[in-house]
Amino acid sequence: MALINFRTCFRLVTGALSDADKKATLKIYKNLVLSRLFEEKIISLAQEGRIKKHWIFSGLGQEGGQASIVSVMKTDDWLIPSLRSYTSLIGKGYPLKLIAAEIFGKKDGASKGLGAPFTLHSEKYGLARRSDVVGVDCETAVGIALGLKQRKKSGIVVNFFGEGAATRGTVWSSLNISALWKLPVFWVCENNQYAVTTHISSLTVEPFFKKAESFGILSKKVNGNDPLEVYFQAKGMFEYIRRERKPAFLDLVTYRLMGHDLFYVTDQGYQNPKEMKKWRKRDPLRTLERQLLFAGIVNSEKAKKIKTAAISEIEQVILWAEKQEDITREELLKTSFL
Ligand SMILES: Cc1ncc(C[n+]2csc(CCOP(=O)(O)OP(=O)(O)O)c2C)c(N)n1
Ligand SMILES: [Mg+2]
């Protein structure tokens, strides 16, 4: 897959970005800067031993698609995030401090310190709880979308899941039902090519978008590390879902640069170093930054200001989160979070 899509270059060279697109891409960039710096901070705190919880699933280097897709969402749309979800939660407007408090295992965290940021449920922010059992969320997405349809509400459900999850039957039966019942779901397969240590080549022969297509669902495949391209593809697909009240499917091809979780960071033997080097060069944040500089949407001074503001916000949030009250052992044992 090329570093930057031809269509993206064309849009930039011809100045085909409307004012609304420019505003949206700046929002995507700010989200990516904040979530990247936040995640790097969290990883360094965990490595220093300041974070005890091990539920830190890194999305470093694969966040571009999430930022772009969530930027197109409206407040009454529902998001079921993926495992590696800081970017989408931040993009949906969820407070960073509650994400941080959850990571520190605090009572006031996103999931009351009992799970992880992605296991939160919040009607206010349109966030539905992701299960730790992969693939099950697709059934949740069907349920929420059916509820929206029966109540004649305008929102749609965006469900992120991994390509590993997409090997489960429950995912495809959910897609089938969404097509049959004409449900407004945007299925996003965050295809980072690994499920723990298993490469996608051991999981499937047919590309996922072709499988989705076979259920009669509008399906596309996109370079997930080119945020502008994802933004334009997603915008079109959102328009389709809103207009037709039918599902759509996006195969977001990206790459997992870190280990499965922080325990796996040093155990990268199953990932080919050449492959990793290639994908490091396709960093979505750097790609978008270059595109925005080229299109004059930011200049280097503005980019620097955005980064400084993000660093200061993160410092404040971490200071606040660390001071909050820990979850007690009794509360922890009372709850099953699967
Ligand atoms: C049904 C089920 N099987 C196995 C697991 C253990 N598990 C947790 S995450 C994961 C990998 C999922 O891979 P993928 O869907 O590609 O998501 P990614 O980790 O790449 O974001 C597995 C196998 C689980 N949580 N649920
Ligand atoms: Mg995966």
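Residues numbered from 1 in each chain as written. Chains lettered and ligands numbered in written order. Predicted model: local features only at pLDDT ≥ 70, side-chain atom pairs only at ≥ 80, totals over all residues. Heavy atoms only, no water.

### Here we look at the side chain of Glu 163
Line of reasoning, step 1. Mapped onto the elements of the fold, Glu 163 is located in the loop between strand E2 (157-162) and helix H7 (169-180).
Line of reasoning, step 2. Within the structure, Glu 163 has its side chain in polar contact with the backbone nitrogen of Ala 195 (distance 3.4 Å).
Line of reasoning, step 3. Other than its neighbours up to four places away in sequence, Glu 163 contacts Cys 189, Glu 190, Asn 191, Asn 192, Gln 193, Tyr 194, Ala 195, Ile 200, Leu 203 and Phe 208. (Helix = DSSP H or I, 4+ residues; strand = E, 2+ residues; numbered from the N terminus. Polar contact = N/O pair within 3.5 Å; in protein donor to acceptor, adjacent residues only side chain to side chain. Contact = heavy atoms within 4.5 Å.)

### Observations concerning the site of ligand 1
Line of reasoning, step 1. Near ligand 1 you find 15 residues, and of these Arg 84, Asp 132, Gly 164, Ala 165 and Asn 192 are the closest.
Line of reasoning, step 2. A distance of 2.6 Å is found between a nitrogen atom of ligand 1 and a backbone nitrogen or oxygen belonging to Asp 132.
Line of reasoning, step 3. Contact between ligand 1 and Val 134: a nitrogen atom at 3.2 Å from a main-chain N or O atom of the residue.
Line of reasoning, step 4. Within the complex, 73% of the 580 Å² of free accessible area of ligand 1 lies under protein.
Line of reasoning, step 5. Tallied by class, the residues present in the shell around ligand 1 amount to seven nonpolar, four polar and four charged. (Near = heavy atom within 4 Å. Areas by Shrake-Rupley, 256 points an atom, 1.4 Å probe, with all protein chains shown as cover. Nonpolar A, V, L, I, M, F, W, Y, C, P; charged D, E, K, R; others polar.)

### Here's the deal with the packing of helix H2 (residues 19-47) against helix H11 (residues 284-294)
Line of reasoning, step 1. One way to put it is that H2 packs onto H11 with a least axis distance of 10 Å and a crossing angle of 145 degrees. Taken as a pair, H2 and H11 cross one another with a handedness that is left-handed. Contacts between H2 and H11 involve Thr 25, Leu 26, Ile 28, Tyr 29, Leu 32, Val 33 and Arg 36 from the first element and Pro 284, Leu 285, Leu 288, Glu 289 and Leu 292 from the second. (Axes fitted to C-alpha atoms, helices over the stretch in contact; angles between N-to-C directions. Left-handed = near helix turned anticlockwise from the far one by under 90°.)

### Some words on the coordination of the magnesium ion (ligand 2)
Line of reasoning, step 1. Protein coordination at the magnesium ion (ligand 2): the donors are Glu 163 (OE), Glu 163 (OE), Asn 192 (OD1) and Tyr 194 (O), at 2.1 to 2.5 Å from the metal.
Line of reasoning, step 2. Read in sequence order, the donor residues coordinating the magnesium ion (ligand 2) give the pattern E-x28-N-x1-Y. Of this pair, Glu 163 sits in the loop between E2 and H7 while Asn 192 is found in the loop between strand E3 (185-191) and strand E4 (194-195), placing the two residues 29 residues apart along the sequence.
Line of reasoning, step 3. A relative accessible area of 1% places Glu 163 in the buried class.
Line of reasoning, step 4. Overall, the relative accessible area of 5% leaves Asn 192 in the buried class. (Donors = N, O, S within 2.8 Å, 3.2 Å for Na, K, Ca; no water. Buried < 20%, exposed > 50% of the residue type's maximum accessible area, 1.4 Å probe, protein only.)

### Some details on the pattern of salt bridges
Line of reasoning, step 1. Using the criterion set out here, one finds 12 salt bridges in the structure.
Line of reasoning, step 2. A salt bridge links Asp 137 to Arg 130; the shortest N-O distance between them is 3.6 Å. You'll find Asp 137 and Arg 130 in the same group, each marked buried.
Line of reasoning, step 3. A salt bridge links Glu 244 to Arg 243; its shortest N-O distance comes to 3.2 Å.
Line of reasoning, step 4. Given the relative accessible area of 58%, Arg 243 is considered exposed. (Salt bridge = Lys/Arg side-chain N within 4 Å of Asp/Glu carboxyl O.)

### What to know about helix H10 (residues 273-280)
Line of reasoning, step 1. Of all the positions in H10, only Glu 275, Met 276 and Trp 279 are classed as buried. Each buried residue of H10 lies within a common arc of 100 degrees when the element is viewed along its axis, so the set occupies one face. Structural note: H10 exposes Pro 273, Lys 274 and Lys 277 on the side pointing more than 90 degrees away from its buried face.
Line of reasoning, step 2. Structurally, H10 contributes buried residues whose contacts are with E4, strand E5 (198-199) and strand E7 (248-253).
Line of reasoning, step 3. Sitting at the head of H10, Asn 272 places a side-chain oxygen 2.7 Å from the backbone nitrogen of Lys 274. (Arc of directions from axis to C-beta.)

### A short note on the nonpolar core
Line of reasoning, step 1. By size, the foremost hydrophobic cluster in this structure holds 68 residues, and its most contacted members are Tyr 29, Phe 38, Ile 69, Ile 99, Val 158, Phe 186 and Phe 238.
Line of reasoning, step 2. By size, the runner-up hydrophobic cluster in this structure holds 27 residues, among which are Ala 165, Ile 200, Ile 217 and Phe 249. (Core = buried A, V, L, I, M, F, W, Y, C linked by side-chain atoms within 4.5 Å.)

### Focus: the sheet that holds E3
Line of reasoning, step 1. Pairing within the open sheet is parallel, and its five strands lie in the order E1-E2-E3-E7-E6. Across the chains shown, the open sheet's two edge strands, defined by having one partner strand only, are strand E1 (78-80) and strand E6 (218-223). Within this sheet the neighbouring strands show an average axis-to-axis angle of 15 degrees, counted without direction.
Line of reasoning, step 2. Note: E3 against E7, six bridges, orientation parallel. If you follow Cys 189 over to E7, its bridge partner there is Asp 251.
Line of reasoning, step 3. In the packing of H7 onto the sheet, contacts are made with E2, E3 and E7, and the angle to E3 comes to roughly 150 degrees. (Pairing = 2+ DSSP bridges.)

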